[in-house]
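Structural overview
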Amino acid sequence: MRIPESEIYFVAIVTFSFCPRSTVWMDVYTYNNCVHQWTDALFRFACKCTGNEEDARDIVQNSFVVLWEKRDAVFAEKAKAFLFQVAYRQSVDHYRKKKGLVGEEHAAQHHTGPDRNHDLKKVLDDALSRLDDQSRALVLLKDYEGYKYEEIEQITGLSDAQVRVYLHRARKVLKSFIVRVDNLI
Amino acid sequence: MVNLENYEEYLILYADGELDEAAETVLMAFIAEHPELKGELAAYEAAHLEPDESLVFGAKESLLRPVPARKVIPLKSWWAYGAAAGLLVLLGVRLARFTDRPALSGQPAIASNAAAAHRPVIQQVTVAPVTVVVNVVQVQLPPKTTPMPKREATPRTVPASEIAAIAPVSSPLAVETMTPALPEAVMSTPPLATNDQKTSSPITFGAERPEILTALKDAANERIEQVRKIRKAIKGADIAVSLGQTELFTLHF
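An account of the accompanying structure is given in this report. (Residues numbered from 1 in each chain as written. Chains lettered and ligands numbered in written order. Predicted model: local features only at pLDDT ≥ 70, side-chain atom pairs only at ≥ 80, totals over all residues. Heavy atoms only, no water.)

Re the overall build of chain A
Of the regular secondary structure elements, chain A holds 9 helices and 0 strands. Ordering the α and β elements of chain A from the N terminus gives α-α-α-α-α-α-α-α-α. The contacts in chain A between residues at least 6 apart in sequence include a share of 65% that link residues at least 24 apart. Working note: accessible area of chain A is about 10,300 Å², and carbon and sulfur atoms make up 54% of it. (Helix = DSSP H or I, 4+ residues; strand = E, 2+ residues; numbered from the N terminus. Contact = heavy atoms within 4.5 Å. Areas by Shrake-Rupley, 256 points an atom, 1.4 Å probe, with all protein chains shown as cover.)

Some details on the overall build of chain B
Helices and strands together make up the secondary structure of chain B, namely 7 helices and 3 strands. The order of α-helices and β-strands along chain B, N terminus first, is α-α-α-α-α-β-α-α-β-β. Going through the 253 residues of chain B one by one, you find that 21% of them count as buried. Taking contacts inside chain B between residues at least 6 apart in sequence as the whole, the part at least 24 apart equals 62%. When the accessible surface of chain B is totalled, it reaches about 19,000 Å², and 60% of it is carbon and sulfur. (Buried < 20%, exposed > 50% of the residue type's maximum accessible area, 1.4 Å probe, protein only.)

Concerning the packing of aromatic side chains
A full pass over the atoms with the stated rule returns 6 aromatic pairs over all chains. Aromatic side chains Phe43(A) and Phe57(B) sit 5.8 Å apart centroid to centroid with 80 degrees between the ring planes, which places their arrangement in the edge-to-face category. Taken together, the residues Phe43(A) in helix H2 (residues 28-50) and Phe57(B) in the loop between helix H3 (38-46) and helix H4 (78-100) connect one chain to another. Residue classification places Phe57(B) among the buried residues on the basis of a relative accessible area of 1%. Between Phe45(A) and Phe84(A), the ring centres sit 5.4 Å apart and the planes meet at 70 degrees, which makes this aromatic pair edge-to-face. Remark: Phe84(A) occurs in helix H4 (residues 79-97) and Phe45(A) occurs in helix H2; sequence separation between them is 39 residues. (Phe/Tyr/Trp six-rings, centres within 6.5 Å; stacked < 30°, edge-to-face > 60°.)

Brief notes about the pairing of strand E3 (residues 246-252) of chain B
Residues and elements named next belong to chain B. Bridge count between strand E2 (residues 238-243) and E3: 6 bridges; the pairing is antiparallel. Note on E3: the bridge partner recorded for serine 242 is glutamate 247. Count of turn residues in the E2/E3 antiparallel hairpin: 2 residues, of which glycine 244 carries a positive phi of about 65 degrees. (Pairing = 2+ DSSP bridges.)

Here's the deal with the interface of chain B and chain A
How big an interface is tends to be expressed through the accessible area that disappears when the partners come together. The partner chain A presents 39 residues to the 31 residues of chain B that form the contact. Between chain B and chain A lies a buried interface of about 3,300 Å² when both sides are counted; carbon and sulfur atoms form 62% of it. Among the residues of chain B in contact with chain A, Leu49(B), Phe57(B) and Arg65(B) are the three that bury the most area, contributing 24% of the side total. Here chain B is connected to chain A by 6 salt bridges. Lys172(A) is the salt-bridge partner of Glu9(B), the closest N and O atoms lying 3.7 Å from each other. At the boundary of chain B and chain A, one finds 17 residue pairs in polar contact (both at pLDDT 80 or more). Of all the secondary-structure elements, those providing two or more residues to the side of chain B that touches chain A are helix H1 (7-15) and H3 of chain B. Looking at the side of chain B that touches chain A residue by residue, the class counts come to 16 nonpolar, 4 polar and 11 charged. (Buried area = accessible area lost by both parts, 1.4 Å probe. Salt bridge = Lys/Arg side-chain N within 4 Å of Asp/Glu carboxyl O. Polar contact = N/O pair within 3.5 Å; in protein donor to acceptor, adjacent residues only side chain to side chain. Nonpolar A, V, L, I, M, F, W, Y, C, P; charged D, E, K, R; others polar.)

Below you can see the structure in the form of structure tokens.
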């Protein structure tokens, strides 16, 4: 039986109207919802990656500008991963441009020598600053946002083996800082 | 397979939540076998960062995009628009229902009853049941050389073919019912000589009223069809013909 074209258009229009927004491309309303949902999380990620709030704001603003420009090619449900992907790439580029200076700044700001501060959070933040930018970004994606290894691969563009190597290296460093503090207690 | 060379990788994967249930079971069994590794497992579980909620972007409004203004069309007489919309919906429903029905204009008129209504009622003949007893006053039997035998105590059997010679007659004795074969005799057989002077002659209208003749012919044909149906139905049955209380003969079909 041949289905008339009017019936096909009617079904398509009704389906498009009632399907959830996450399955459709982004519009201005979905974009604004992403701003309210993910701005702070993106800012925390950029702050920890760069160690500088001003640079982190620039990264966040650039990330949302790119999202708005690419809104016709991004599904609403993939917006968060897209934002963190852009922020990750800008953070890595930021570190590449300011390689030597940033490392020294981090050492001056966060290094506490033989750790006397028993606050676990501060110890971990200190340990985080000791990591390389790649491992730091992966630890933040894993611990701050709860992404799985597979999702981290898609965001960073790294392979499964690379993600495991960087993350396991970072965990060992963090664990060594904790053990060292425990031993000093 | 967890061993002392690769257990640390399994501890990190377990702390990151990347192990499936089967691998977790194996790892827990290995830890149970090596209790000294429990402290190391606890250290890896503690080596996870918590989001710093104090870091807030602040000026989110600068990131928002303007929403296009909605056009407001004032309706001064909204009730008129509502009534018009309701009327359109009603017309649409009616039109849809009308188009779903088959074409009404193309249906031919029912002619069978109309033609039958114009036919004059010639004779009301009730189709008698198979076992009816018919009172026949005068019967003209074919001449015979031999004297007519005395009427037997038991009625004699008359073949069905002689029934065709029986003509309907009016007599003092009322004819309660008429056999289905009589109408056929009216049209096909010549009038029979009877003693009754009141025997009606065959109906001849001639050219005076041809339409009535046609109607009579149609009615007769209908009766003939009824008779044929009845003859088929009564095939194998018996019909007893009697005069008053006296049974004259029995017809065996």
